[in-house]
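Architecture and fold: a report
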Amino acid sequence: MRRLIEASTPVEVSEVILDLASSLPGCETAALLWGGEGEMHSCGADATPDETAWAQGALSGDGFCLGGRGRVAWRPLPHERAILLLHFSAEVGQSLRGTLERHFAIAGRRLQQVLELASLQDSHKQLKRSEDLQRALFAIADLAGSDLDMPELLRGIHEIVSTLMYGENFFIVRHDPERGVMRFLYYVDVEDKQGPNTTKEEPLDNRRHTLTWHLLSGGKPLMGSNEQLLKQVNGPLLVAGPDSTDWLGVPMLRNGQVHGALVVQSYREGTVYTLEDRALLEFVGSHILTALERKQTKDELEQRVRRRTQQLDEANRDLQQEVLERQRAEQLQAALFQLAQLATADISESEFYERVHVLVGALLNAENFFIALLSEDHRTLDFPYYVDAGERCTLSRPLGGGLSEYVMRKAHPFLGQASDIEALIQRGEVVQHTIGKPSSCWLGVPLMVNGEVMGLVAVHSYAEENVYSTTDQELLSFAALQIANSIYRRRSDMSLHRANVQLEQRVEERTHELLQQIRQREHIQQQLKHQVMHDPLTGLPNRGFLRDRLDRALTLLQREPNRRCALLYLDVDRFKVINDSLGHLAGDAFLKEIARRLLNCVRDPDVVARLSGDEFAILLEDVKIPGTAVNVAERILKCLGEPLKLAGKELEPSASIGIAVADSRYSMADEVLRDADIALYRAKEAGRKRFEMFDEALAKNVVDVLTLEAELRHALQHDEFEPYFQPICQLDSSHVVGYEALIRWNHPQRGLLKPDEFIKIAEDSGLIEAIDWRMFELSCRLLRQHARKDVFMTLNVSARHLRHLDFDTRLIRLLKHCDLPTTRLIIEVTEGALLDNAERVRSTLEQLRLAGIGAALDDFGTGYSSLSYLHSLPLRMLKIDQVFVQELDKDSNTSSIRVVEAILALARALDIQVIAEGIETDAQHDILLAMGCEMGQGYLLGHPAPIRD
């Protein structure tokens with residue numbers, strides 16, 4: 001009983017119970033088991049696993065079980081998981097249960113008491129540990145939300161971990177799994193004084209096979225001594241730093257990835273870490289990771305906020321600077337406005353200059369300021385207002401060589417410091433001034449009216465720190481314009497006032513003079529307006545005036561859709577020839593006469609404008625459309641066509657006119673000008689000295705030009721061009737002696753196209769040369785393949801080709817490439833090509849002649865027909881233009897016969913063969929044959945066709 005009373009633990013009570021059990025008759029061994037389902041405690045004889053399992057099974061029954069061979073399991077406490085195992089030397093029966101209940105009644109109650117007490121103590125211990133853990137988590141959360149910097153935060157985490165377990169030696173490591181780098185954020189170790197670098201990241205592979213590397217790469221906790229740790233890692237273990245007696249490390253995980261680790265270690269014998277410590281550190285690690293991430297995010301956010309604040313500060317400074325600039329501009333504008341008002345203010349001259357000084361002082365430092373004006377005889381320089389160092393005076397001196405005279409002489413502002421002024425003095429451009437002491441910085445701006453200098457305004461400084469800038473010069477220049485105008489106007493008003501006072505008896509005459517001045521000023525204003533909106537040469541309105549009137553007319557058409565207006569766009573024909581031949585002065589006189597004649601062709605409200613060069617336009621408002629516009633165009637053509645004597649020459653001017661009729665569909669002046677220009681272009685294409693009306697067909701044709709250019713490029717790339725051959729025959733026998741190669745285009749949609757349908761566009765787009773060379777090659781190949789060897793071929797060569805220095809060598813190479821003898825080729829050139837560069841053309845033709853290639857002069861008789869070409873150029877043939885041939889069989893053919901006879905006689909004299917073009921009737925053929933013409937071509941002798949036909 002005394003031992004039961006003194007026993008305070010389950011083990012001590014169990015020993016008393018086992019001593020009681022051994023006193024039972026026949027009891028050989030005894031053991032007592034107690035505890036929960038997860039863990040059972042035992043005292044006494046060692047129980048085998050089978051016996052332990054059998055005993056736990058007894059707990060599920062009525063608490064008493066006989067196991068055979070003298071084994072007994074009995075539960076002494078009805079509500080506690082405790083069981084007494086007894087082993088007797090002989091078999092026992094159910095009666096033993098009553099004996100046990102009486103024998104262990106007091107001992108069982110004592111066991112129940114100590115078990116309940118142990119349970120309470122364990123609950124209290126767990127509760128205390130939970131409270132410690134909760135306080136630690138709260139402390140970590142507080143640290144994460146605090147304003148502490150990172151080192152203080154990490155020291156706080158160390159202190160918190162130390163409250164949960166032995167943490168004197170502790171470190172935190174962060175890991176970036178994406179970049180494969182790590183960093184020791186915090187490291188405290190009583191043995192390792194040097195430790196790793198906590199200020200920078202390093203690759204994780206640098207720590208390969210260390211405990212930290214195994215912990216971060218494996219992602220599983222590690223705990224124990226070095227021997228135990230070696231069994232837990234996969235691979236070799238590299239010990240870094242002093243050996244510890246016990247080591248515990250847990251990874252900090254986020255979504256299954258290792259983002260860091262916590263490590264504590266002990267160098268004390270007997271101080272080891274338990275599984276409970278590991279679980280606790282793992283639990284705390286997730287919260288520490290969250291705290292570190294929150295702190296890092298907060299720091300990054302603060303850095304972004306600081307950067308954004310800096311950016312906003314810079315933007316604010318820029319805005320403030322812009323505000324200052326705008327305020328300065330507004331201040332300048334207000335000052336200029338006030339200076340302009342001073343011109344008409346009813347104040348004295350002294351007050352006028354004082355206010356000018358105040359306004360200039362608002363713009364820049366004008367402590368030392370003066371205004372100087374030239375006298376009427378330009379011999380004296382008067383200073384009506386002079387302020388120097390606060391002293392005001394009025395000065396006047398003869399003109400000399402000072403800085404003031406230098407500024408007025410140059411008519412340009414001067415800004416300089418003492419060294420700059422000294423340099424001017426050394427160069428002799430300025431003499432030493434005698435008023436006051438030398439300035440450290442001086443700024444002067446001339447006062448100019450109508451291009452003449454009337455004086456200057458100047459500021460200067462004696463202090464070296466007060467230096468004027470180019471901005472000050474610009475401000476003073478703006479102010480000088482208004483000051484000059486105001487002084488000029490006040491001078492005029494004062495002169496007028498003095499004249500009125502002195503000459504009261506001549507009031508009427510003076511009044512008349514004043515009216516004349518007013519008219520003169522109004523006339524000047526009108527002249528200025530007229531100069532802005534009119535052409536200086538002809539006096540006609542310019543393009544800006546016309547656009548303004550046309551915009552107003554279109555606005556009226558929008559309000560009144562039934563109204564119409566017409567725009568006539570004129571281009572003087574061949575004005576460049578007149579200008580280049582007679583000179584620019586004669587060209588200007590020519591344009592003036594054209595302008596005068598145009599004015600005589602229109603009524604008063606209509607507008608005649610000169611747009612540029614030789615282009616004019618006439619705006620007809622509210623007219624009968626299109627009859628009036630056509631009548632005006634016809635009248636203009638007739639009026640312009642009258643002869644004009646200029647520079648000793650008699651000229652017959654002409655013009656091409658495009659007419660666009662505007663209605664409510666037009667909204668902009670440029671649209672009307674565009675359509676009139678399109679019609680003008682068509683008129684020039686149709687032969688000049690005519691007019692064309694704009695319609696939708698013209699607009700479509702303009703668009704088709706762009707389409708046709710693209711199709712020409714496609715045709716060149718896909719070989720859609722084909723040479724057609726027109727035969728050249730002997731007139732006496734109709735025997736074919738040659739062919740003229742003519743280009744045709746096999747258009748995939750429009751069929752066969754002749755040259756006049758696309759050559760002009762090919763020339764304008766720059767494709768003509770590439771097309772020509774392709775035709776030259778095809779023609780040469782086809783002639784060699786299909787024609788007799790005694791037949792020649794002529795090719796038309798434009799002036800573009802003859803401008804190239806290598807044309808002759810390139811053509812000869814082409815003939816060699818095609819295996820065509822040079823004697824079978826004759827190139828046709830026009831008189832226009834000869835005019836382009838006679839010497840170069842002569843040299844080219846001579847080189848071709850030496851190579852065996854002949855030359856023919858095409859369309860002879862329609863151009864200049866200069867005998868010098870026939871005499872000086874190496875020509876083999878002469879082609880009479882079809883204009884003369886087609887007149888031979890008409891009644892009034894005397895002139896044509898004489899021309900043809902003269903050409904034939906000239907050719908025979910120069911030993912040049914002649915080909916007559918355009919023979920279409922038998923009469924033309926017979927007349928040419930009778931005249932002695934040898935060869936001819938035309939529809940009578942053969943149409944152009946592919947050579948195979």
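Cut-off values and rules
- Residues numbered from 1 in each chain as written.
- Predicted model: local features only at pLDDT ≥ 70, side-chain atom pairs only at ≥ 80, totals over all residues.
- Heavy atoms only, no water.
- Pairing = 2+ DSSP bridges.
- Helix = DSSP H or I, 4+ residues; strand = E, 2+ residues; numbered from the N terminus.
- Axes fitted to C-alpha atoms, helices over the stretch in contact; angles between N-to-C directions.
- Contact = heavy atoms within 4.5 Å.
- Buried < 20%, exposed > 50% of the residue type's maximum accessible area, 1.4 Å probe, protein only.
- Parallel < 35°, antiparallel > 145°, perpendicular 65-115°, else oblique.
- Left-handed = near helix turned anticlockwise from the far one by under 90°.
- Nonpolar A, V, L, I, M, F, W, Y, C, P; charged D, E, K, R; others polar.
- Right-handed = clockwise from strand over helix to strand, strands pointing away.

**Notes on the sheet that holds strand β12 (residues 368-374)**
With antiparallel pairing, the 6 strands of this open sheet are ordered in space as β14-β13-β12-β17-β16-β15. Two strands close off the open sheet at either side, each with one partner strand: β14 (391-398) and β15 (414-417). Ignoring strand direction, the axes of neighbouring strands in this sheet form an average angle of 15°. Contacting β15 and β16 (441-449), helix α12 (residues 418-427) crosses the sheet at an angle of about 105° to β15.

**Digging into the pairing of strand β13 (residues 380-388)**
In terms of burial, β13 is a largely internal element, 7 of the 9 residues being buried. The sheet contact formed by β12 and β13 spans 5 bridges and is antiparallel. Bridged to Leu374 within β13 is Leu381. Once β12 ends, the chain turns through 5 residues before running back antiparallel as β13, passing His378 with a positive phi of about 60°. Sheet topology note: the β13/β14 ladder contains 7 bridges and is antiparallel. Considered in β14, the bridge of Phe383 is made with Leu395.

**Some details on the packing of helix α13 (residues 470-502) against helix α14 (residues 507-533)**
Where α13 contacts α14, the axes come no closer than 11 Å and their chain directions differ by 165°. Relative to α14, α13 is oriented roughly antiparallel. Between α13 and α14 the crossing geometry is right-handed. Residues Ser492, Ser495, Leu496, Ala499 and Asn500 of α13 form the contact with α14, whose participating residues are Arg510, Leu514 and Arg521. Looking at the contact of α13 with α14 residue by residue, the class counts come to 3 nonpolar, 3 polar and 2 charged.

**With respect to the pairing of strand β23 (residues 655-662)**
Counting buried positions along β23 yields 7 of 8 residues, so the element is predominantly enclosed. Note that β23 and strand β24 (residues 691-693) share 3 bridges and pair parallel. Bridging from a neighbouring strand, Gly658 pairs with Glu692 of β24. Note on the crossover from β23 through helix α19 (residues 669-685) to β24: the handedness is left-handed.

**Observations regarding the sheet that holds β24**
Here we have 5 strands laid out as an open sheet, ordered β19-β20-β18-β23-β24, and mixed in their pairing. Of all the strands in the sheet, the pair left with one neighbour each is β19 (607-612) and β24. Looking at each pair of strands side by side, their axes are set apart by 20° on average, direction ignored. When strand β18 (residues 565-572) meets β23, the two strands line up antiparallel, connected through 8 bridges. Bridging from a neighbouring strand, Val572 pairs with Ala655 of β23. Against the sheet, α19 touches β18, β23 and β24, its axis set at about 145° to β23.

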